[in-house]
Amino acid sequence: MAKLIGGVGTSHVPSIGAAMDRGATQDKDWKPFFDGYIPAKKWMADKNPDIAVVIFNDHGNSFFLDRVPTFAVGVAENYKPVDEGWGPRNLPDFKGDADFSWYFVDKLVENHFDPLVCSEIEVDHGLQVPMELLFGHPDNWPVKVLPIWVNTVQYPIPTPQRCWDMGVLLRKVIESYPSDETVVVMGTGGLSHQLQGSRAGYINRKADLAYLDGIAADPEKYRNMSREDYVETFGSEGAELIMWLVMRGCMDKDVKLIHKHYHAPASMTGAGMVILENKD
Amino acid sequence: MADTQDTIPVTPLFDRPRALRGYKMNKMANGLGNPANREAFVADEAAYIDRYGLSDEEKTAVMQRDWHEMVRLGGNLFFILKITAVDFIPITQVGAAQASMDHDDFLRDRLGKNI
Ligand SMILES: [Fe+2]
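Residues numbered from 1 in each chain as written. Chains lettered and ligands numbered in written order. Predicted model: local features only at pLDDT ≥ 70, side-chain atom pairs only at ≥ 80, totals over all residues. Heavy atoms only, no water.

**Structural notes on the pattern of salt bridges**
Residue and element names in this part refer to chain B.
In step 1: For the structure shown, the criterion picks out 25 salt bridges over all chains.
In step 2: Here Asp-87 and Arg-65 are joined by a salt bridge, their closest N and O atoms 2.3 Å apart. Separated by 22 residues along the polypeptide, Asp-87 in helix 8 (residues 84-87) and Arg-65 in the loop between helix 5 (56-63) and helix 6 (67-72) bring together distant segments of the chain.
In step 3: Each of Arg-21, Glu-57, Glu-69 and Arg-72 takes part in a single network of salt bridges with overlapping partners. (Salt bridge = Lys/Arg side-chain N within 4 Å of Asp/Glu carboxyl O. Helix = DSSP H or I, 4+ residues; strand = E, 2+ residues; numbered from the N terminus.)

Here it is in structure tokens:
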């Protein structure tokens, strides 16, 4: 059966991609941010997983408001990076894994999750940036991806509990998938930020740092928070952090916090990451 | 239809009233993800906007790049931000406008940068 090798939580701020594109990763504003990902990249290279499940939200690039899936799953063999309006980025296509994706979709529906199933779709910075941060810029990505989109833009967004439940199921799906492949699960988005309204520019460093420790040691706290709590604590767009709960829900109760990193601001966002491993 | 009832101060949630109200403006702005639409927008902004049936109030807010007003009228940053792919305005400038702050003050006081 396939094996879960660990969970990653990471920001996916588009400015991170833009900074990489213009070669600004060593500038004084950005160096401390990128330096914190060096150990994470090494961890990923050592683990060398076959499949990355990436949980993220679209930002008006693959979906518009004409149709807003609460959850969507990619079942394609290939995903192109979308041009978000600033021109195409120089990134290789992402290889999918249709067999694993369809297996996941079957299990979701059997267990009363009802996702939108996407056979032809592009992926925006929500998936691109975490992949670049963890795998760098190889000619071809060393893993296949299974994209899971979560609506965090138009209300009602799913509850933190629902994201968690999907993670619990994802764990069962990985561990029942007839394959000897290894899987990393990446929950993305956040940390605190708010782009709109008079509280724009809101960053809550204290809550962000507590979250990075708490998602490892005390995830119940974040599972039990309401959507409104997320918005109030982390800002309107910081509510993206509910997506890390899919990752956390698929890990054991007790985990090792292998790496954590925080830097603020990245553009207008508190940014950072964790790596978690089960204790076995 | 009930008005938006924000329970968290100064934080406009993109709920049903806003999604409905801002639909046309967001659709117009989101269209700018397409290069042909960006060209059309640059060539004749008013004509491009008119394709989407915006009200005069909405059209004026867009043409004046009044970010605060656009959000008041139901604009959502993820969509209207695509206007900055034409104008090349940094997002912090849009943020400062949302907060009604001078850009440097915004960078220092909200984002904690050393300015
Ligand atoms: Fe995002």
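And the narrative resumes.
**Here we look at the pairing of strand 3 (residues 71-74) of chain A**
Residue and element names in this part refer to chain A.
In step 1: A two-sided burial pattern is seen for strand 3, the buried positions comprising Phe-71 and Val-73 on one face and Ala-72 and Gly-74 on the other.
In step 2: As paired elements, strand 3 and strand 7 (residues 144-150) share 3 bridges and run antiparallel to each other. Bridge pairing links Phe-71 to Val-150 in strand 7.
In step 3: In this structure, strand 3 lies alongside strand 6 (residues 116-118), joined through 3 bridges in parallel fashion. (Buried < 20%, exposed > 50% of the residue type's maximum accessible area, 1.4 Å probe, protein only. Pairing = 2+ DSSP bridges.)

**Concerning the packing of aromatic side chains**
In step 1: The final tally for this structure, using the stated rule, is 19 aromatic pairs over all chains.
In step 2: When the ring of Phe-71 of chain A is compared with that of Phe-113 of chain A, the centres are 6.2 Å apart and the planes differ by 80°; the resulting orientation is edge-to-face. Highlighted residues: Phe-71 of chain A in strand 3 and Phe-113 of chain A in the loop between helix 4 (98-110) and strand 6, separated in sequence by 42 residues. Of the two residues, Phe-71 of chain A and Phe-113 of chain A, neither departs from the other in class, the shared state being buried.
In step 3: Centre to centre, the rings of Tyr-48 of chain B and Tyr-52 of chain B are 5.1 Å apart; their planes meet at 55°, and the pair counts as tilted. Of the two residues, Tyr-48 of chain B and Tyr-52 of chain B, both sit in the buried class.
In step 4: A cation over an aromatic ring shows up here: Arg-199 of chain A above the ring of Tyr-202 of chain A, its NZ or CZ 4.0 Å from the ring centre. (Phe/Tyr/Trp six-rings, centres within 6.5 Å; stacked < 30°, edge-to-face > 60°. Lys NZ or Arg CZ within 6 Å of the ring centre and 35° of its normal.)

**Some details on the environment of Pro-142 of chain A**
Residue and element names in this part refer to chain A.
In step 1: Following the sequence through the fold, Pro-142 ends up in the loop between helix 5 (125-135) and strand 7.
In step 2: In this structure the C-alpha to C-alpha distance between Pro-142 and Ala-45, which are 97 residues apart in sequence, comes to 9.3 Å.
In step 3: Sequence-distant contacts of Pro-142, that is, excluding residues within four places in its chain, are made with Pro-49 and Phe-135. (Contact = heavy atoms within 4.5 Å.)

**A closer look at unusual backbone geometry**
In step 1: The omega torsion across Tyr-155 of chain A and Pro-156 of chain A is 5°, close enough to zero to call that bond cis.
In step 2: With respect to the helices and strands, Pro-156 of chain A occurs in the loop between strand 7 and helix 6 (160-176).
In step 3: We note that Ser-267 of chain A has phi near 60°; this positive angle belongs to a residue other than glycine.
In step 4: For Ser-267 of chain A, the position within the fold is in the loop between strand 9 (255-266) and strand 10 (269-278).
In step 5: Phi is positive for Arg-65 of chain B, close to 50°, though the residue is something other than glycine.
In step 6: Judged by its relative accessible area of 18%, Arg-65 of chain B is buried.

**A look at the interface of chain B and chain A**
In step 1: Opposite the 36 residues of chain B that make contact, chain A presents 34 residues.
In step 2: Surface buried jointly by chain B and chain A totals about 3100 Å² across both partners, of which 64% is contributed by carbon and sulfur atoms.
In step 3: Broken down residue by residue, the surface that chain B buries against chain A is led by Ile-8, Phe-78 and Leu-111 of chain B, which jointly contribute 20%.
In step 4: Across the salt bridge formed by Lys-113 of chain B and Asp-29 of chain A, the nearest N and O atoms sit 3.3 Å from each other.
In step 5: Applying the counting criterion to the chain B and chain A interface returns 13 residue pairs in polar contact (both at pLDDT 80 or more).
In step 6: At the level of secondary structure, the elements contributing two or more residues to the side of chain B that touches chain A comprise helix 2 (23-30), helix 7 (77-80), helix 8, helix 9 (91-98) and helix 10 (103-110) of chain B.
In step 7: Residue classes in the side of chain B that touches chain A are distributed as 19 nonpolar, 11 polar and 6 charged. (Buried area = accessible area lost by both parts, 1.4 Å probe. Polar contact = N/O pair within 3.5 Å; in protein donor to acceptor, adjacent residues only side chain to side chain. Nonpolar A, V, L, I, M, F, W, Y, C, P; charged D, E, K, R; others polar.)

**Section: the coordination of the iron ion**
All names here are of chain A.
In step 1: Every protein donor of the iron ion is listed here as His-12 (NE2), His-59 (NE2) and Glu-240 (OE), and their distances to the metal cover 2.0 to 2.1 Å.
In step 2: Mapping the donors of the iron ion onto the primary sequence gives the spacing H-x46-H-x180-E. Separated by 181 residues along the polypeptide, His-59 in the loop between strand 2 (51-56) and strand 3 and Glu-240 in the loop between helix 9 (227-234) and helix 10 (244-249) bring together distant segments of the chain. Residues His-59 and Glu-240 agree in their burial class; the two are buried. (Donors = N, O, S within 2.8 Å, 3.2 Å for Na, K, Ca; no water.)

**A closer look at the packing of helix 7 (residues 205-217) of chain A against helix 9 of chain A**
All names here are of chain A.
In step 1: Where helix 7 meets helix 9, the closest approach of the two axes is 9 Å, and the angle between their N-to-C directions is 125°. Accordingly, the angle class assigned to the pair helix 7 and helix 9 is oblique. Of helix 9, the residues touching helix 7 (which contributes Ala-207, Asp-208 and Tyr-211) are Tyr-230, Thr-233 and Phe-234.
In step 2: Partitioning the contact of helix 7 with helix 9 into residue classes produces 4 nonpolar, 1 polar and 1 charged. (Axes fitted to C-alpha atoms, helices over the stretch in contact; angles between N-to-C directions. Parallel < 35°, antiparallel > 145°, perpendicular 65-115°, else oblique.)

In short, shape yes, function no, at least from these values alone.
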